[in-house]
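Spelled out from the first residue to the last, the chains are:
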Amino acid sequence: EDQVTQSPEALRLQEGESSSLNCSYTVSGLRGLFWYRQDPGKGPEFLFTLYSAGEEKEKERLKATLTKKESFLHITAPKPEDSATYLCAVCGTSGTYKYIFGTGTRLKVLA
Amino acid sequence: DTGVSQNPRHKITKRGQNVTFRCDPISEHNRLYWYRQTLGQGPEFLTYFQNEAQLEKSRLLSDRFSAERPKGSFSTLEIQRTEQGDSAMYLCASSHEDRGLKQYFGPGTRLTVT
């Protein structure tokens with residue numbers, strides 16, 4: 001069965017202190033791996049889709065990378081407005097287009 | 001795109017009552033998903049429609065839960081005989097099969113069962 005594990009569960013950073021979030025996954029075959037940002041009380045907001053190992057995507061201070069077993073979300077020089085929960089999800093090739101989410105990493109960036 | 005909308009945004013009900021939520025996906029999106037999310041957890045897959053066909057339903061989903069998408073547009077999720085454990089955020093997402101795998105989420109419906 002497809003699984004996603006995210007670490008750490010929570011992370012506190014000082015403004016400008018770069019770090020990485022991890023998403024480990026197991027799937028029989030990968031259709032895509034997704035990163036979302038979720039603010040409290042709101043629905044997840046799409047950030048990136050990665051399709052194959054070696055792929056990288058960037059958006060402002062965020063960069064997502066993918067290997068055959070895990071993905072990293074690198075946050076460079078974060079700002080307080082980057083504080084949110086970051087969710088990772090996979091869509092595997094077995095069966096229908098079902099998405100499995102991890103439990104997320106709660107990021108707090110202190111000014 | 002006007003975005004995915006969900007109604008109501010909040011629902012408080014007494015244990016044993018039935019509730020129904022509505023999701024309006026982005027126009028022309030043919031895939032529609034329902035998820036449940038509790039505090040500190042990621043979204044948990046409930047069910048998935050392609051057009052009007054319900055293609056998959058979570059094995060964890062009680063028979064008290066039912067979803068429909070009668071004309072391949074909006075969808076409803078009904079919970080019968082609610083229990084306190086049903087308290088959660090219910091999220092809807094949509095996507096189009098010809099536009100990649102990206103899902104767009106609605107704002108969710110917060111259910112509280114007292």
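All figures in this text were calculated on a predicted structure; none of them were measured in a lab.

What counts, and at which threshold
- Residues numbered from 1 in each chain as written.
- Chains lettered and ligands numbered in written order.
- Predicted model: local features only at pLDDT ≥ 70, side-chain atom pairs only at ≥ 80, totals over all residues.
- Heavy atoms only, no water.
- Contact = heavy atoms within 4.5 Å.
- Buried area = accessible area lost by both parts, 1.4 Å probe.
- Salt bridge = Lys/Arg side-chain N within 4 Å of Asp/Glu carboxyl O.
- Polar contact = N/O pair within 3.5 Å; in protein donor to acceptor, adjacent residues only side chain to side chain.
- Helix = DSSP H or I, 4+ residues; strand = E, 2+ residues; numbered from the N terminus.
- Nonpolar A, V, L, I, M, F, W, Y, C, P; charged D, E, K, R; others polar.
- Pairing = 2+ DSSP bridges.
- Axes fitted to C-alpha atoms, helices over the stretch in contact; angles between N-to-C directions.
- Core = buried A, V, L, I, M, F, W, Y, C linked by side-chain atoms within 4.5 Å.
- Buried < 20%, exposed > 50% of the residue type's maximum accessible area, 1.4 Å probe, protein only.
- Disulfide = S-S within 2.5 Å.
- 1 Å grid on protein atoms, 1.4 Å probe; cavity = no way out; pocket = protein on both sides within 12 Å on 5 of 7 lines; lining within 4 Å.
- Points joined across faces, edges and corners; volume = space filled by probe spheres on them.

S.K.: How should the interface of chain A and chain B be read in this particular structure?
M.R.: Size of an interface: often given as the accessible area lost when the parts come together. Taken together, the contact between chain A and chain B spans 20 residues of the former and 23 residues of the latter. Regarding the contact of chain A and chain B, the summed buried area is about 1,800 Å², with carbon and sulfur atoms giving 57% of it. Of all residues in chain A, the largest losses of buried area upon contact with chain B belong to Tyr97(A), Lys98(A) and Tyr99(A), amounting jointly to 30% of the total for that side. Close ionic contact of Glu56(B) with Lys98(A) constitutes a salt bridge, the shortest N to O distance being 3.7 Å. The tally of links between chain A and chain B comes to six residue pairs in polar contact (both at pLDDT 80 or more). Going through the elements one at a time, strand 4 (30–38) and strand 10 (99–101) of chain A are the ones with two or more residues in the side of chain A that touches chain B. Counting residues per element, the side of chain A that touches chain B draws most heavily on strand 4 of chain A, which supplies five residues. Counted by class, the side of chain A that touches chain B contains nine nonpolar, seven polar and four charged residues.

S.K.: Looking at this model, I keep getting lost on the sheet that holds strand 7 (residues 62–66) of chain A. Mind explaining?
M.R.: For sheets, the rule is that strands pair by backbone hydrogen bonds, running either parallel or antiparallel. Residue and element names in this part refer to chain A. Taken together, five strands build an open sheet; the order of strands is 1-3-8-7-6 and the sheet is antiparallel. This sheet does not close on itself; its edge strands, each paired only once, are strand 1 (3–7) and strand 6 (56–59). The sheet shows a mean angle of 15 degrees between the axes of neighbouring strands, taken without regard to direction. Of the strand pairs in this sheet, strand 6 and strand 7 are connected by four bridges, and their pairing is antiparallel.

S.K.: What's the story with the nonpolar core in this structure? I'm lost.
M.R.: The tendency in soluble globular proteins is for nonpolar side chains to be buried side by side. Within the largest apolar cluster, 22 residues are counted, with the highest numbers of intra-cluster contacts made by Leu33(A), Trp35(A), Leu73(A) and Tyr86(A). No other element matches strand 9 (residues 84–92) of chain A, which puts four residues into this core. With 19 residues, the next largest nonpolar core counts Trp34(B), Leu77(B), Tyr90(B) and Val113(B) among its residues.

S.K.: Help me understand the state of the cysteines, please; the structure alone is not making it clear to me.
M.R.: The bond known as a disulfide is covalent and runs between the sulfur atoms of two cysteines. Per the counting criterion, the structure on display carries two disulfides over all chains. The partner cysteine of Cys23(A) in its disulfide is Cys88(A), sulfur to sulfur 2.0 Å. Judged by the sign of its S-S torsion, about -65 degrees, the cystine formed by Cys23(A) and Cys88(A) is left-handed. Within this pair, whereas Cys23(A) is found in strand 3 (residues 19–26), its partner Cys88(A) is found in strand 9, the two being separated by 65 residues in sequence. Disulfide pairing places Cys23(B) opposite Cys92(B) at an S-S distance of 1.9 Å.

S.K.: Hey, could you run me through the pattern of salt bridges in this one?
M.R.: Note on pairing: side chains with opposite charge can pair once their charged atoms come close. Enumeration over the complete set of coordinates arrives at 10 salt bridges over all chains. A salt bridge links Lys63(A) to Glu56(A); the shortest N-O distance between them is 3.3 Å. For Glu83(B), the salt bridge is made with Arg64(B), and the minimal N-O distance between the two is 3.4 Å. Of this pair, Glu83(B) sits in the loop between strand 8 (75–79) and strand 9 (88–95) while Arg64(B) sits in the loop between strand 6 (53–57) and strand 7 (65–68), and the two are 19 residues apart along the sequence. Residues joined in a network through salt bridges with shared partners are Arg64(B), Glu83(B) and Asp86(B).

S.K.: For this particular structure, what's the right way to read the layout of surface pockets?
M.R.: If a probe the size of a water molecule is rolled over the atoms, the empty space left behind becomes visible. By volume, the largest pocket amounts to about 530 Å³. In terms of lining residues, the largest pocket is bounded by 18 residues, among which Glu1(A), Asp2(A), Lys98(A), Ile100(A) and Phe45(B) are the most central. For the lining of the largest pocket, the secondary-structure elements that each account for two or more residues are strand 10 of chain A together with strand 5 (44–50) and strand 6 of chain B. Counting residues per element, the lining of the largest pocket draws most heavily on strand 10 of chain A, which supplies three residues. Residues that form the lining of the largest pocket fall into these classes: six nonpolar, five polar and seven charged. Of the volumes computed, that of the second largest pocket is approximately 450 Å³. Lining the second largest pocket are 21 residues, and of these Gln38(A), Pro40(A), Thr85(A), Leu39(B) and Gly40(B) sit closest to its centre. Of all the elements in the fold, those that place two or more residues in the lining of the second largest pocket are strand 9 and strand 11 (105–110) of chain A. Across the lining of the second largest pocket, the residue classes break down as six nonpolar, 10 polar and five charged.

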